[in-house]
Every structure is written in structure tokens, then in C-alpha cells.
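Geometric and topological summary
Spelled out, the chains give:
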Amino acid sequence: MKYVEPLIGPDTINTVPLETLYAYRDHGQPEIRLPDGLAEAQTTLNRLADVGIDLEVVTQQLENEGIEKFNKPYDFLIAALEKARGRALAR
């Protein structure tokens, strides 16, 4: 729940594994929480450089890793569609 509930807010989309969605449906308490702790979060972000963390580098790494996690399922889907198309054209 700690990765779902803090991200609830208007006009937001969050992808989660199906198991997480089921668990949240069972135990979650939906409520708009995105603005909660905003000032504290900004202070923390502003202090990252003080401890040697480059937010731009970390953000790019997370984006790259996230994209990669979608690449394999996408490639699998395209291969399955190509295979189905080939079977349909062979008829």
C-alpha cells in the first residue's frame, strides 16, 4: 500500500502489477494523498545534491529501467501478433 496510496491524486495514472491491485482493493483506503507532505518532499529533493545524489541522473536511470521493463512484454506481444497474422494469411 505504501507505493500506491501516496500517489493517489486527481488526474493521475499509476500502473501496478495485478497482485498489487488486488491487494489494494482488499486492504487499501483510497483518498487523495498526493499533496500530503509536499513541502517536506521539496525540502528533501533540494537536499539531495548535498549528499551526492544527482536527481537528473537518478531520474534518467529510473526512466530507462522502466522503459526496459515494458520492452520485453511489448516484443512478446508483437511476436504473438505477427505469428497470428501469419496463420491468418496462410488460410
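One structure accompanies this document, and this report is about it. (Residues numbered from 1 in each chain as written. Predicted model: local features only at pLDDT ≥ 70, side-chain atom pairs only at ≥ 80, totals over all residues. Heavy atoms only, no water.)

A few words now on the side chain of R33. Mapped onto the elements, R33 comes out in the loop between α1 (18-27) and α2 (38-47). Residues in contact with R33, not counting those within four places in the same chain, are E5, P6, I8 and Y24. (Helix = DSSP H or I, 4+ residues; strand = E, 2+ residues; numbered from the N terminus. Contact = heavy atoms within 4.5 Å.)

Let's shift gears to the side chain of E5. In this fold, E5 is placed in the segment before α1. Separated by 2.6 Å, the side chain of E5 and the backbone nitrogen of Q29 make a polar contact. Excluding residues within four positions of it along the chain, E5 makes contact with Y24, G28, Q29, P30 and R33. (Polar contact = N/O pair within 3.5 Å; in protein donor to acceptor, adjacent residues only side chain to side chain.)

Let us look at a nonpolar patch on the surface. A surface patch of nonpolar side chains, about 340 Å² in accessible area, is lined by V16, L18, L21 and Y22. On the accessibility criterion, L21 (31% relative accessible area) is partly exposed. (Patch = residues over 30% accessible without salt bridge, like charges linked within 9 Å, V, L, I, M, F, W, Y side chains within 5 Å. Areas by Shrake-Rupley, 256 points an atom, 1.4 Å probe, with all protein chains shown as cover. Salt bridge = Lys/Arg side-chain N within 4 Å of Asp/Glu carboxyl O. Buried < 20%, exposed > 50% of the residue type's maximum accessible area, 1.4 Å probe, protein only.)

On to the pattern of salt bridges. In total, this model carries two salt bridges according to the counting rule given. Among the salt bridges present, the one from E5 reaches R33, with a minimum N-O distance of 3.7 Å. Of the two residues, E5 sits in the segment before α1 while R33 sits in the loop between α1 and α2, which places them 28 residues apart along the sequence. Each of the two residues, E5 as well as R33, counts as buried. When the shortest N-O distance is used, the salt bridge between E31 and R33 registers 3.8 Å. Because the salt bridges share partners, they merge into one network encompassing E5, E31 and R33.

Without other data, these values stay purely geometric and don't point to any function.
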